Protein chains: 2
Amino acid sequence: MEFRRLTEAEIPGYLQDVPAMQARFSDFDDLDVSEVGDGNLNFVFLVSHRRDPQQTVVVKQAVPYLRVVGQSWPLTRHRMDIETAALRHFRALCPQHLPEVFHADSDMSLVVMERLRDHRILRGALLDGHTFDSVAAHLSTFMAHSLFHGSDLYLTPAAKRDAVKRFTNVELCKITEDLIFTHPYDDSPTNSYNPALPRDAIDRIQRNPLLRAAVGELKYAFMTRAETLLHGDLHVGSVMVSEKETYVIDPEFAFYGPMGFDIGILLANFFLAWYGQGARAPGGADATHTQDWLLRTAAQCWDGFAQQFMQLWQAHEHGGAGFIGRDLDGASAQAYRDAFMRQVFQDSLGFAGCEMVRRVLGLAKVADIADVADPVARASAETGALRLAERLLLQRHQAGSMQDVLTWVRA
Amino acid sequence: MEFRRLTEAEIPGYLQDVPAMQARFSDFDDLDVSEVGDGNLNFVFLVSHRRDPQQTVVVKQAVPYLRVVGQSWPLTRHRMDIETAALRHFRALCPQHLPEVFHADSDMSLVVMERLRDHRILRGALLDGHTFDSVAAHLSTFMAHSLFHGSDLYLTPAAKRDAVKRFTNVELCKITEDLIFTHPYDDSPTNSYNPALPRDAIDRIQRNPLLRAAVGELKYAFMTRAETLLHGDLHVGSVMVSEKETYVIDPEFAFYGPMGFDIGILLANFFLAWYGQGARAPGGADATHTQDWLLRTAAQCWDGFAQQFMQLWQAHEHGGAGFIGRDLDGASAQAYRDAFMRQVFQDSLGFAGCEMVRRVLGLAKVADIADVADPVARASAETGALRLAERLLLQRHQAGSMQDVLTWVRA
């Protein structure tokens, strides 16, 4: 089928011809379709049967340009193949945390998948004052399984090579390279600054050679270190939650990169929300409750990830030669694992710093801070976030644990 | 053409049918062909006209197994495509340091190239007491150009992706992973130890958790960090020299890996030769002359590489935004370059340590030490080499310059 962008009106007819949809819809005559894509890249349609809303799916279609900009910014439709492959790959590892893919159409750059009816985007839920006790356990499980099973610690070299090729994602990586690692630091015209943010706070980021060198190292790591299959955009807008369940969505930025990138993006978004909460209702009981939850959850995400990743690794190597070869003294395998986790931790902190800077100075903001109405209150959150980012970038090698980092946040 | 292994007698007939050979040979009736491959992988034929020895080429053919082991160790013939592509790529960058490729035949896994008649393998020349004033300048030029131009500092992301794919070399990388990074450390049956080498010297390598962890980090870096197109086996047996010229050959291990790997392998081979020279004629004037040259050359290789690499980088970014973006304070681009070079230096020292260990404990030795007839004298060289390797692996982050490292060698 030749690619064409589907309208709401065309969706029922399209679905009717998809064999897998026969099992999901009793008929296609009375479907409600609404386009709800609020992202920058794609069109997203919620489809449900008017008489039986349990009959429902999501249709997501990529167009050959960046939606938020228009046809003047061409972007490969192939990204939908990568997103679909990543959804299936991650779901095979963690079925409880990924939506099911019912149908994928490469020609049409389209995927039909499970609709998470009882779930909402985590960022919005947090802004509304909700917190979720299981999110840390769920997201750390997702990260441990996804980051371990894509890596050389688990795959054979040939399987790893094939995976790296399948998930080569140059165009979307370029967006990250520009928008996360470059533009926020070089005063790019794509940046936007809160007028109330003091120039000095911006200069501390953009005109500090040591900080710029640290960001350069992390950009280079992002571009060269093909460690594992990343989600690639694991912020709290890519997470859907209910009271008991947590789902990860939108892995169109998936590619082989450094483990710390996914972890760092996630941690940064909890920290950004912490500063945003502080600026909304400083000292209020609700804000304090959410802020406490945010820091606790950030710490549990790392700690839970580290613990489960280590368990998966030890179990995989149990009884045989491990990554370093046979462990002759009984302490070497663990010494390497400890060194490995230290490196991932420090990388995560560095990438968290990059994410925090770009959400304050760069093109794409986060509602947690950007929606704070008073520019002065917003600038106070932004200044705090930039100070933490500075510390994450420059002192990441000195942090021994998440408790150290939480001290930095509260400072 | 279907693959078949050529014999000496078949070479003239094969060459006669190659158009490019018409310009190199007046006729094909009186060619002298001798198979001289002393490597572990391939067959190498020297071909020259008996009446006019200036008419001469080298034919190199890969067979679908590891030559040194036989058909029981299958190995992709595709490696010759990679070797040929690497030879051409490196020659385009440094025509003065790579032999010319006259003809490549993918079906036959064969390459016909320039014969370096007046040159000999550097390792053998050093063992015969020769030294060469230009080798450091030449090899540092080769490394600076090859390592820079394959990297993200020079290539666009799309060009880099294509290069990574073209030079994916899983099978030969696996040999390195096993023989350099794993077997020497886990007392593998493929190892061989000088009976006069004290068990304690071996245990200091194989049963030191911190050292094993350091080697694990370097193995992981080798497997995951796709920084640039490496030669992949840049020891002094892959270098041919005359009084005035230096050529790099045999890049069949070429792949996208960490820059420090090529540099470290080369440095290690100078250090190994230094210990070998010391064991052959300790204190003798000739040995001392060669030893001084070895350390001077090692230092000049790094220093020359670092200087030229930096020049290439600065020239490439002159007048525009560099890798980190625009340099707003005039000091950030250089701060990043300095941090980058420190990382490459420390990586190089670590990889040098790995190469030294594997040449003493592993399967593939170096003649510099292995040919020392007296086992006790040999063990003394080996012990020294292992001690230096230990330091390179454990203290690489503390070395500020090559002068520090030379102090370690002499210690």
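First, a word on what this report is: a plain description of the structure on this page. What you see is a predicted model; the values in this text were computed from it and never measured.

### Some words on the environment of Pro282 of chain A
Residues and elements named next belong to chain A.
Consideration 1: Assignment of secondary structure puts Pro282 in the loop between helix 9 (259-280) and helix 10 (285-317).
Consideration 2: Pro282 gets classed as exposed once you look at its relative accessible area, which sits at 63%.
Consideration 3: Along the primary structure Pro282 and Glu114 are separated by 168 residues, whereas in three dimensions their C-alpha atoms are 39 Å apart.

### A few points about the nonpolar core
Consideration 1: Counting 233 residues, the largest nonpolar core has Phe271, Phe305 and Phe309 of chain A together with Phe271, Phe305 and Phe309 of chain B as its most contacted members.
Consideration 2: Excluding anything up to four places from it in sequence, Phe305 of chain A contacts Ser140, Met143, Ala144, Leu147, Ile263, Gln300, Met341 and Val344 of chain A.

### A few points about the packing of helix 8 (residues 209-224) of chain A against helix 11 (residues 332-361) of chain B
Consideration 1: Contact geometry of helix 8 of chain A with helix 11 of chain B gives a least axis separation of 8 Å together with a crossing angle of 55°. Here helix 8 of chain A lies oblique to helix 11 of chain B, going by the angle between them. Helix-helix and strand crossings are classified by hand; for helix 8 of chain A and helix 11 of chain B the assignment is right-handed. Taking contact as the criterion, the partners of Pro209, Arg212, Ala213, Gly216, Glu217 and Tyr220 of chain A in helix 8 of chain A are, on helix 11 of chain B, Ser332, Ala335, Tyr336, Ala339 and Phe340 of chain B.
Consideration 2: Residue classes in the contact of helix 8 of chain A with helix 11 of chain B are distributed as seven nonpolar, two polar and two charged.

### A look at the sheet that holds strand 7 (residues 110-114) of chain A
Sheet strands pair via backbone hydrogen bonds, and the direction of the pair is either parallel or antiparallel.
Residues and elements named next belong to chain A.
Consideration 1: Pairing in this open sheet of five strands is antiparallel, and the strands run 1-2-3-7-6 from one edge to the other. Where the open sheet ends on each side, the last strands, each with one partner, are strand 1 (31-35) and strand 6 (101-105). On average, adjacent strands in this sheet sit at an angle of 15° to one another, irrespective of strand direction.
Consideration 2: Here strand 2 (residues 42-49) pairs with strand 3 (residues 56-62) via seven bridges, running antiparallel. Within the sheet, the bridge partner assigned to Ser48 lies in strand 3 and is Thr56.

### Quick notes on the relation of the copies chain B and chain A
Consideration 1: The two copies are related by a screw motion: chain B maps onto chain A through a turn of 180° and a shift of 0.0 Å along the axis, at an RMSD of 0.0 Å. Taken together, the rotation and translation describe the operation of a two-fold axis. The position closest to the rotation axis in chain B is occupied by the C-alpha of Arg225 of chain B, lying 2.2 Å away.
Consideration 2: Mapped onto chain A, 100% of the interface residues of chain B are again interface residues, and the two copies thus contact each other with one and the same surface.

Reading the values: the criteria
Residues numbered from 1 in each chain as written. Chains lettered and ligands numbered in written order. Predicted model: local features only at pLDDT ≥ 70, side-chain atom pairs only at ≥ 80, totals over all residues. Heavy atoms only, no water. Helix = DSSP H or I, 4+ residues; strand = E, 2+ residues; numbered from the N terminus. Buried < 20%, exposed > 50% of the residue type's maximum accessible area, 1.4 Å probe, protein only. Core = buried A, V, L, I, M, F, W, Y, C linked by side-chain atoms within 4.5 Å. Contact = heavy atoms within 4.5 Å. Axes fitted to C-alpha atoms, helices over the stretch in contact; angles between N-to-C directions. Parallel < 35°, antiparallel > 145°, perpendicular 65-115°, else oblique. Left-handed = near helix turned anticlockwise from the far one by under 90°. Nonpolar A, V, L, I, M, F, W, Y, C, P; charged D, E, K, R; others polar. Pairing = 2+ DSSP bridges. Least-squares fit on C-alpha atoms with pLDDT ≥ 70 in both.

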